[in-house]
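Observations on the model geometry
The primary structure of each chain is shown beneath.
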Amino acid sequence: MRVLVTGGHGLLGTAVCTCFSLLGHRVIALGSADSDITNHSITRSSILGFKPDLVVHAAAMTDVDGCELDPDTAYRVNSVGAWNVASCCEETGSRILFISTDYVFDGAKKAPYTEFDETNPLGIYGRSKLLGEKLVREACPRCYVVRTSWLFGPKGKCFPKTMLKLARTKPSVNVVADQVGSPTYVDDLALAIADIVQVPMFGTYHVANSGSCSWFEFTQTMLKLAGLNNVTVNPISSADWPSPTNRPAYSVLRPYVRELQGKPLLRNWQLALKEFVAKGIPE
Ligand SMILES: NC(=O)c1ccc[n+]([C@@H]2O[C@H](COP(=O)([O-])OP(=O)(O)OC[C@H]3O[C@@H](n4cnc5c(N)ncnc54)[C@H](OP(=O)(O)O)[C@@H]3O)[C@@H](O)[C@H]2O)c1
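Residues numbered from 1 in each chain as written. Predicted model: local features only at pLDDT ≥ 70, side-chain atom pairs only at ≥ 80, totals over all residues. Heavy atoms only, no water.

**A few points about the sheet that holds strand β4 (residues 95-101)**
Strands sit in the order β2-β1-β3-β4-β5-β10 across an open sheet of 6 strands; the sheet is parallel. Sheet topology places β2 (26-30) and β10 (203-206) at the edges, where each strand pairs with a single neighbour. Averaged over all adjacent pairs, the angle separating strand axes in this sheet is 20°, with direction ignored. Alignment of strand β3 (residues 54-57) against β4, held across 4 bridges, turns out to be parallel. Bridge pairing in β4 places L54 opposite R95. Sitting on the sheet, helix α2 (residues 40-50) is in contact with β1 (2-6) and β2, with an inclination near 160° to β1. Sitting on the sheet, helix α5 (residues 124-139) is in contact with β4, β5 (143-148) and β10, with an inclination near 160° to β4. (Pairing = 2+ DSSP bridges. Helix = DSSP H or I, 4+ residues; strand = E, 2+ residues; numbered from the N terminus. Axes fitted to C-alpha atoms, helices over the stretch in contact; angles between N-to-C directions. Contact = heavy atoms within 4.5 Å.)

In structure tokens, the structure reads:
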């Protein structure tokens with residue numbers, strides 16, 4: 001299969017490219033310098049030029065606070081950019097898999113969110129991604145939407161890497177304890193994506209490592225695994241963390257559709273984090 005990955009040099013995109021290459025597919029990774037998804041004609045030449053069977057659309061403006069401060073760019077990249085990619089997929093006959101987020105939910109449910117729950121994003125990032133979902137579904141019916149959460153992996157920026165860097169230079173770190181989610185290892189997600197696209201069952205899927213935790217618990221576990229036992233982790237509330245964004249207090253994703261399909265759950269986030277730390281977290 002010919003697979004084109006937008007955001008192909010990012011945290012998730014890199015893992016997706018590696019996974020599909022190892023599975024024997026012909027893969028091309030595009031970054032913003034290769035092909036700006038906000039420009040329809042550039043996007044069209046990239047996609048029609050490669051003639052993919054599948055586009056994994058992982059490119060996005062992922063800076064959640066940045067989206068809040070610059071909504072036009074957020075909607076341009078996360079909504080119209082996704083629309084551009086999907087319309088080119090439709091034109092060339094490709095399928096598209098759009099990566100979306102737990103931030104499409106408001107966190108009021110207090111139980112894991114399934115694909116059948118109502119969305120109600122609290123901030124611009126979540127709103128722009130939700131609009132992206134809608135536009136992609138309308139522009140290209142051969143479309144999978146995969147919602148995931150709290151990604152970590154070796155490439156680019158992610159929460160455990162940031163906390164590790166802080167913990168190596170400070171005796172204590174303050175971490176938000178009143179937001180709960182499902183940390184997800186990009187290697188596990190990439191394998192699940194490869195499985196989902198094996199059949200043309202287009203629709204929405206939740207994919208995350210099993211279990212849940214707060215950012216505080218995530219940090220405690222990660223520092224313990226990294227052997228940094230002398231760093232104090234202080235729980236703080238979201239109100240004490242300076243941010244322009246209102247984030248969901250609870251955004252645990254339940255992979256309900258995969259459960260109903262009889263698919264195995266992804267391993268729990270602690271096991272995935274253990275493997276990530278054991279491999280040596282790059283700077
Ligand atoms: N990180 C998370 O915790 C998380 C959680 C839920 C969902 N997601 C979703 O998962 C996907 C991947 O996220 P990630 O964390 O891997 O993000 P990432 O590391 O920030 O990668 C996103 C990539 O998007 C590319 N990009 C940005 N603007 C672009 C543009 N105008 N044209 C073309 N490419 C552009 C960037 O390419 P360059 O580097 O080349 O500029 C970047 O590498 C995103 O759709 C995100 O919304 C992420």
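**Observations concerning the pairing of β3**
Going residue by residue along β3, you find L54 and V56 tucked away on one face and V55 and H57 tucked away on the opposite face as well. Bridge count between β1 and β3: 4 bridges; the pairing is parallel. Within β3, the residue paired with T6 across the bridge is H57. (Buried < 20%, exposed > 50% of the residue type's maximum accessible area, 1.4 Å probe, protein only.)

**Regarding the side chain of T43**
Considering the arrangement of structural elements, one finds T43 in helix α2. With relative accessibility at 2%, the residue T43 sits in the buried group. At 2.7 Å, the side chain of T43 forms a polar contact with the backbone oxygen of N39. When neighbours within four sequence positions are excluded, T43 is seen to be in contact with S35, D36, I37, N84, V85 and C88. (Polar contact = N/O pair within 3.5 Å; in protein donor to acceptor, adjacent residues only side chain to side chain.)

**Some details on the site of the ligand**
Taken together, 24 residues form the shell around the ligand, and within it L12, S32, T62, Y125 and K129 come nearest. I37 is positioned with one of its backbone polar atoms (N or O) 3.0 Å from a nitrogen atom of the ligand. Of all the secondary structure elements, the ones that give two or more residues to the shell around the ligand are α1 (11-22), β4 and α5. (Near = heavy atom within 4 Å.)

**Describing the packing of aromatic side chains**
Applying the stated criterion to the full structure yields 13 aromatic pairs. Taking the centre distance of 4.9 Å and the plane angle of 55° together, the rings of Y144 and F202 count as tilted. Pair noted here: Y144 is in strand β5 and F202 is in the loop between α7 (186-196) and β10, with a separation of 58 residues, a long-range link. Since its relative accessible area comes to 0%, Y144 is described here as buried. For F202, a relative accessible area of 33% gives the class partly exposed. Of the aromatic side chains, those joined through ring pairs into one cluster are W150, F152, F159, Y185, W215, F218, W269 and F276. Cation over ring: R2 sits above F50, and NZ or CZ is 4.4 Å from the ring centre. Positioned above the aromatic ring of Y113, the side-chain terminus of K109 is 5.6 Å from the ring centre. (Phe/Tyr/Trp six-rings, centres within 6.5 Å; stacked < 30°, edge-to-face > 60°. Lys NZ or Arg CZ within 6 Å of the ring centre and 35° of its normal.)

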